[in-house]
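# Structural overview
As a plain string of letters, each chain reads:
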Amino acid sequence: MQGTVIPSKEKISQLPLKEWTWENGKKELTKLAIFPAGKRDDPTKRIELVAEDVKTILDMEAPYMTSTWREFDEQLKQFYYFK
């Protein structure tokens, strides 16, 4: 069944980053920020730790695609048939 096994940190690091192409042909990486919509929008019981202490570059400049965990769940169902 698809989606039941979480890939390793190594496999995840080999995945290509999602790019957005603007009308003028310029490409940018799609950045995603997910926020809780409230106390009941807490995903901690269903998140699995894949890696700790991974170095990232914090870039808070626009553009960002923002979503709540509840909206993100709906997008996973709609686009990837993931429940």
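Check the entry above for the structure.
Notes on the structure follow. (Residues numbered from 1 in each chain as written. Predicted model: local features only at pLDDT ≥ 70, side-chain atom pairs only at ≥ 80, totals over all residues. Heavy atoms only, no water.)

Attention now moves to the packing of aromatic side chains. The tally for this structure, following the rule as stated, stands at 1 aromatic pair. When the ring of W69 is compared with that of F72, the centres are 6.0 Å apart and the planes differ by 85 degrees; the resulting orientation is edge-to-face. Residue W69 and its partner F72 are located together in helix α2 (residues 69–80), separated by 3 residues, close to a single helical turn. (Phe/Tyr/Trp six-rings, centres within 6.5 Å; stacked < 30°, edge-to-face > 60°. Helix = DSSP H or I, 4+ residues; strand = E, 2+ residues; numbered from the N terminus.)

Turning to its location among the elements, V50 is positioned in the loop between β3 (32–35) and β4 (65–68). In contact with V50, other than residues within four places in its own chain, are I6, P7, S8, K9 and I12. (Contact = heavy atoms within 4.5 Å.)

To continue, consider a nonpolar patch on the surface. Together, I6, I12, L15 and V50 make up an exposed nonpolar region whose accessible area comes to about 320 Å². Position of I12 among the secondary structure elements: in helix α1 (residues 9–13). (Patch = residues over 30% accessible without salt bridge, like charges linked within 9 Å, V, L, I, M, F, W, Y side chains within 5 Å. Areas by Shrake-Rupley, 256 points an atom, 1.4 Å probe, with all protein chains shown as cover. Salt bridge = Lys/Arg side-chain N within 4 Å of Asp/Glu carboxyl O.)

All right, on to the side chain of S67 then. Secondary-structure assignment places S67 in strand β4. Its relative accessible area of 4% is what places S67 among the buried residues. Of the polar contacts made by the side chain of S67, one reaches the backbone nitrogen of F72; its length is 3.4 Å. Sequence-distant contacts of S67, defined by excluding residues within four places in its chain, comprise A33, I34, F35, F72 and Q75. (Buried < 20%, exposed > 50% of the residue type's maximum accessible area, 1.4 Å probe, protein only. Polar contact = N/O pair within 3.5 Å; in protein donor to acceptor, adjacent residues only side chain to side chain.)

Okay, the side chain of D41 next. With respect to the secondary-structure elements, D41 resides in the loop between β3 and β4. Buried and unpaired, D41 has no salt bridge, with R70 as the nearest side chain of opposite charge at 4.6 Å. At 2.7 Å, the side chain of D41 forms a polar contact with the backbone nitrogen of A37. The contact partners of D41, leaving out residues within four places of it in the chain, are F35, P36, T68, W69 and R70. (Lys, Arg positive; Asp, Glu negative; His and termini not counted.)

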